[in-house]
Amino acid sequence: MGSVAHVCAKAVNGNETGGKVISCRAAVLWGPKQPLYIEEVQVDPPQKMEVRLRILYSSVCHTDLGFWLGENESQQAFPRILGHEAAGVVESVGEGVTGLSEGDHVVPIFNGECGACSYCESRKTNQCERLRCKPLKTVMDSDGKTRFSLNGKPIYHFLNTSTFSEYTVLDAGCVVKIDPTAPLDKMCLLSCGVSTGVGAVWNTANVETGATVAVFGLGAVGIAAAEGARTRKASRIIGVDINPDKFIKGKTKGITDFVNPNECDKPVHEVIREMTGGGVDYSFECAGNLDVLREAFLSTHNGGGLTVILGVHPTPRMLPVHPMELMGGRSMVASAFGGFKKTQLPDFAVKCMNGEVNLEGFITHEMPFSKINEAFKLLAEGKCLRCLLHL
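In this report, we go over the structure that sits alongside the text. (Residues numbered from 1 in each chain as written. Predicted model: local features only at pLDDT ≥ 70, side-chain atom pairs only at ≥ 80, totals over all residues. Heavy atoms only, no water.)

**Remarks on the sheet that holds strand S11 (residues 236-240)**
Strand order in the open sheet formed by six strands is S12-S11-S10-S13-S14-S15, and the pairing between neighbours is parallel. One side of each edge strand has no neighbouring strand; the edge strands of this open sheet are strand S12 (257-259) and strand S15 (331-334). Between one strand axis and the next, the sheet turns through 20 degrees on average, direction left out of account. Of the strand pairs in this sheet, strand S13 (residues 282-285) and strand S14 (residues 306-309) are connected by four bridges, and their pairing is parallel. Residue pairing in the sheet places Glu285 in a bridge with Ile309 of S14. With respect to the sheet, helix H6 (residues 220-231) is in contact with strand S10 (212-216) and S11, its orientation differing from that of S10 by roughly 170 degrees. Helix-sheet contacts for helix H9 (residues 290-298) involve S10, S13, S14 and S15, and the interaxial angle to S13 is about 175 degrees. (Pairing = 2+ DSSP bridges. Helix = DSSP H or I, 4+ residues; strand = E, 2+ residues; numbered from the N terminus. Axes fitted to C-alpha atoms, helices over the stretch in contact; angles between N-to-C directions. Contact = heavy atoms within 4.5 Å.)

What follows is the structure, encoded as structure tokens:
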């Protein structure tokens with residue numbers, strides 16, 4: 001294991017590296033809550049229907065943080081390369097890959113699309129049978145092996161992506177080609193946070209003009225949900241968070257009212273019901289906390305209120321809802337990757353480029369890849385939305 005400050009030589013460009021093993025820097029996690037060590041790892045060439053990417057930007061998401069904390073013991077396999085929110089260029093493609101070629105500007109996604117299964121052919125789901133998000137998956141599908149190694153020993157993959165590495169290998173169905181004029185630093189946000197939040201509003205809930213909305217948890221995903229509600233011209237967007245600093249950022253994304261649970265003398269759902277005359281049309285739970293989920297559910301009105309679950313819930317506890325509470329007409333649904341299919345992402349990227357979705361302000365910090373542990377600390381302390389790492 002190298003030191004945290006260890007810096008490795010960068011690989012040469014794709015024209016000289018195609019078909020060869022590349023040595024490059026990667027942040028390797030050796031165990032829960034341990035520092036990530038910048039190591040010189042070897043990255044194999046892409047196999048059939050795989051793509052090797054040169055990662056230029058990557059950011060830290062709460063899902064990375066949760067895994068680093070060891071919140072779900074069933075997902076622990078080490079050593080591992082985390083990271084799933086990034087942008088870069090194609091270095092080389094494996095046999096059978098079409099639609100992608102060396103030099104393409106791309107965004108990797110953890111929720112892929114094979115394009116051939118019944119799920120991909122359905123308009124009702126974005127959950128590909130083979131390439132959907134599988135937290136327990138640690139190897140490539142084609143041969144059950146990793147494409148990363150260190151001193152001849154395998155390093156495991158994470159969420160189909162493993163973007164905390166200068167080079168990474170993905171299934172082609174987890175790579176989205178985008179407009180080459182799009183700013184890659186901002187396009188990084190489409191890998192997870194912004195797509196998840198905005199998509200939950202647009203695709204999962206299909207919020208209509210004039211609707212009332214409550215967003216529980218104002219991290220990057222929650223702020224993105226507020227932005228999605230703003231673009232849909234919701235009449236009222238209530239932000240709920242215990243961190244008052246989040247309220248300032250939320251205001252720039254359309255949030256009209258703020259509720260700090262620590263300052264309430266009654267349950268949050270009662271406060272919101274009083275504010276809205278019975279409850280909101282839609283609530284979005286972005287905290288990954290079951291107690292918060294219950295408050296979000298009860299904050300919607302009877303006769304059609306909808307709660308969308310976006311937060312990652314590592315606890316083995318079950319849903320905090322009694323079946324009879326659904327009889328009044330409220331409903332609850334979960335949203336993965338905002339309901340976006342891979343094939344919808346290029347158009348979404350164009351909407352972001354055109355300003356229909358405002359990406360300004362999501363990236364609150366930037367730093368070199370070597371300071372990745374500082375980025376994790378910022379997120380853990382609630383001091384940033386997204387910290388962009390320059391690889």
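**Points about the nonpolar core**
One finds Phe164, Phe284 and Phe348 to be the most contacted residues of the largest nonpolar core, which totals 105 residues. Counting residues per element, this core draws most heavily on H6, which supplies seven residues. Once you skip the residues sitting within four places of it in the chain, Phe348 turns out to touch Leu190, Val194, Ser195, Val198, Trp202, Phe340 and Val357. Counting 10 residues, the second largest nonpolar core, distinct from the first, contains Phe216, Val271, Ile272 and Val280. (Core = buried A, V, L, I, M, F, W, Y, C linked by side-chain atoms within 4.5 Å. Buried < 20%, exposed > 50% of the residue type's maximum accessible area, 1.4 Å probe, protein only.)

**Digging into the packing of helix H5 (residues 193-205) against helix H10 (residues 345-353)**
With their axes 12 Å apart at the nearest point, H5 and H10 run at an angle of 95 degrees to one another. With respect to H10, the element H5 is oriented roughly perpendicular. Taken together, the residues of H10 that come into contact with H5 (itself represented by Val194, Ser195, Val198 and Trp202) are Leu345, Phe348 and Lys351. (Parallel < 35°, antiparallel > 145°, perpendicular 65-115°, else oblique.)

**Comments concerning the environment of Pro267**
As for its position among the elements, Pro267 is in the loop between S12 and helix H8 (268-276). The spatial distance from the C-alpha of Pro267 to the C-alpha of Leu56 is 45 Å, given a sequence separation of 211 residues.

**Describing the packing of aromatic side chains**
Aromatic rings considered in pairs are described by the distance between their centres and by the relative angle of their planes. If you walk through the whole model with that rule in mind, you get eight aromatic pairs. Seen in terms of ring centroids, Phe67 and Phe158 are 5.2 Å apart; in terms of plane orientation they differ by 55 degrees. Their pairing is tilted. Of this pair, Phe67 sits in helix H2 (residues 62-69) while Phe158 sits in the loop between strand S7 (153-155) and strand S8 (167-171), and the two are 91 residues apart along the sequence. Its relative accessible area of 4% is what places Phe67 among the buried residues. For Phe158, a relative accessible area of 2% corresponds to the buried category. Here Trp202 and Phe348 contribute two aromatic rings whose centre-to-centre distance is 5.6 Å and whose plane-to-plane angle is 85 degrees, an arrangement assigned as edge-to-face. One end of the pair, Trp202, is in helix H5; the other, Phe348, is in helix H10, and 146 residues separate them in sequence. Side by side, Trp202 and Phe348 carry an identical accessibility label, which is buried. Site record: aromatic cluster; members linked through ring pairs are Phe67, Phe78 and Phe158. The ring of Phe297 carries Arg330 above its face, with NZ or CZ at 5.7 Å from the centroid. (Phe/Tyr/Trp six-rings, centres within 6.5 Å; stacked < 30°, edge-to-face > 60°. Lys NZ or Arg CZ within 6 Å of the ring centre and 35° of its normal.)

**Description of the packing of H5 against H6**
The interhelical angle for the contact between H5 and H6, taken along N-to-C directions, is 40 degrees, at an axis separation of 7 Å. Between H5 and H6, the angle is such that the two are oblique. Helix-helix and strand crossings are classified by hand; for H5 and H6 the assignment is right-handed. Only Val221, Ala224, Ala225, Gly228, Ala229 and Thr231 of H6 make contact with H5, whose side of the interface consists of Gly193, Val194, Thr196, Gly197, Val198, Val201 and Trp202. Residues that form the contact of H5 with H6 fall into these classes: eight nonpolar, five polar and no charged. (Left-handed = near helix turned anticlockwise from the far one by under 90°. Nonpolar A, V, L, I, M, F, W, Y, C, P; charged D, E, K, R; others polar.)

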